[in-house]
Amino acid sequence: MRASLAVVFALLLPGASLSAEPMCTAQSGAIAPWVVELYTSEGCSSCPPADRWLSSVKDRRDVVALAFHVDYWNSLGWTDRFASPAWTQRQREVGARSGAGFVYTPQALLDGRDYRRWPSLPAASQTALLMLRLQRDGNRYVAEVARKPGAPGALAGYWAVTEDGYETPVKAGENAGATLHHDAVVRELLPLASVGNGALRFTPRAPTTPSALPRHVVLVITDARTGLPIQALAAGC
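What counts, and where the lines are drawn
Residues numbered from 1 in each chain as written. Predicted model: local features only at pLDDT ≥ 70, side-chain atom pairs only at ≥ 80, totals over all residues. Heavy atoms only, no water. Buried < 20%, exposed > 50% of the residue type's maximum accessible area, 1.4 Å probe, protein only. Helix = DSSP H or I, 4+ residues; strand = E, 2+ residues; numbered from the N terminus. Right-handed = clockwise from strand over helix to strand, strands pointing away. Contact = heavy atoms within 4.5 Å. 1 Å grid on protein atoms, 1.4 Å probe; cavity = no way out; pocket = protein on both sides within 12 Å on 5 of 7 lines; lining within 4 Å. Points joined across faces, edges and corners; volume = space filled by probe spheres on them. Phe/Tyr/Trp six-rings, centres within 6.5 Å; stacked < 30°, edge-to-face > 60°. Salt bridge = Lys/Arg side-chain N within 4 Å of Asp/Glu carboxyl O.

A. The pairing of strand S4 (residues 34-40), seen in detail. Where burial is concerned, most of S4 is hidden: 7 out of the 7 residues are buried. In S4, alternate side chains face the same way, and those of Trp 34, Val 36, Leu 38 and Thr 40 on one face and Val 35, Glu 37 and Tyr 39 on the other are all buried. The parallel pair S4 and strand S5 (residues 63-69), bridged by helix H1 (residues 47-57), forms a crossover whose chirality is right-handed.

This is the structure:
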C-alpha cells in the first residue's frame, strides 16, 4: 500500500487555534503515520459513511486526515458549501497515480493509493525516512526537514489547513433530510513545488468567518518525482 518512490512528512496540530499563541515546538518520531485523503460530497448518498469513518480515525496518532469536498455533485440538487473546483482538479490529478483508473465519491486514498478496504485501517508501521522539527510562534509556522538514509533526493509537498466539527442540514438532493457531520475539511492548500535544505514557512489565512471550530495545520512532503506519500508524521502543540 505504500509507494516505494514517495516520501510524505505530515504535521498535524490537533485542536490548534490559528490565533496568536505562545511559541511551541514539535519533533517527529520513528514511525510514519498514514496520510488519509477522502474525496467526498454532501450531494452523494454513499458519502456519509465515509465521512463518519474519517471522523473515527482522524484523532489516531498514526493518521493525518484530509477531507476534500469535490464540486461535480453541485449540479445534482444540492450545493456543497465546502466544495471547490480545485479539489475536483486535485482528485483528477492524483487519480492518475492512485491506481483507481477513474475518480469517484467517496474515494479514500491511503498514502496516495486508492483504498477501498475502509473502515478497516491497520496500524501504521513504516519507518520514517525524514525527521521534522516544527516551531510555531503565534500564527507563523516554520518547519525544518532532515533526510535519513533512503530518503528521496527531490522533495515537494504542501501545507494545508483543515477544520473539524461542521454540521450541515441538507435540504435537497440525494441526502435530503439528513444532517451531515464533517471533520478534517480542507479549507486552504499551499503547494510546495520544491523542498530543499532550508526552513519551510507558512502563515495561514485568517478564517473567512469567525469560528470556534478546531483548526489544524498540516505539512505534507512528497517525492517530487511521483507526488506519492509513503512516510508521514503527526505531531501536535
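Here the narrative resumes, following the displayed structure.
B. Examining H1 more closely. Taking burial as the measure, the 11 residues of H1 include 8 buried ones, the bulk of the element. For H1, the set of buried residues is Cys 47, Pro 48, Ala 50, Asp 51, Trp 53, Leu 54, Ser 55 and Val 57. Packing partners of the buried residues in H1 comprise S4, S5, strand S6 (107-110) and strand S13 (179-182).

C. Expanded view of empty space enclosed by the protein. This model, assessed by the stated rule, comprises 1 cavity of 30 Å³ or more. Computed from the structure, the largest cavity encloses a volume of approximately 40 Å³. What lines the largest cavity is Leu 38, Thr 40, Asp 51, Leu 54, Ala 67, His 69, His 182 and Asp 183. Elements with a minimum of two residues in the lining of the largest cavity: S4, H1 and S5.

D. Spotlight on the packing of aromatic side chains. For the coordinates displayed, the defined rule picks out 6 aromatic pairs. For the pair Phe 102 and Tyr 104, a centre-to-centre distance of 5.4 Å together with 45° between the ring planes defines the contact as tilted. The structure contains a cluster of three or more aromatic residues connected by ring pairs, namely Tyr 39, Phe 68 and Trp 87.

E. How the structure looks around unusual backbone geometry. Here the amide bond leading from Thr 105 into Pro 106 is cis, since omega sits at -10°, within 30 degrees of zero. Within the secondary structure, Pro 106 sits in the loop between helix H2 (85-98) and S6. Residue Trp 118 is joined to Pro 119 through a cis peptide bond whose omega torsion reads 15°. Turning to its location among the elements, Pro 119 is positioned in the loop between strand S7 (113-115) and strand S8 (126-127). The phi dihedral of Asp 111 falls on the positive side, at around 50°, and the residue is not glycine.

F. Here's a closer look at the pattern of salt bridges. Under the counting rule described, the total for this entry stands at 9 salt bridges. Of the charged contacts, one joins Lys 58 and Asp 164 as a salt bridge, the two residues approaching to 3.6 Å between their closest N and O atoms. Residue Lys 58 is located in the loop between H1 and S5, and its partner Asp 164 is located in the loop between strand S11 (155-163) and strand S12 (166-169); the two are separated by 106 residues in the primary sequence. Arg 225 is the salt-bridge partner of Asp 223, the closest N and O atoms lying 3.0 Å from each other. Judged by relative accessible area, Asp 223 falls into the buried class, the value being 0%. Where salt bridges share partners, they join Lys 58, Asp 59 and Asp 164 into one cluster.

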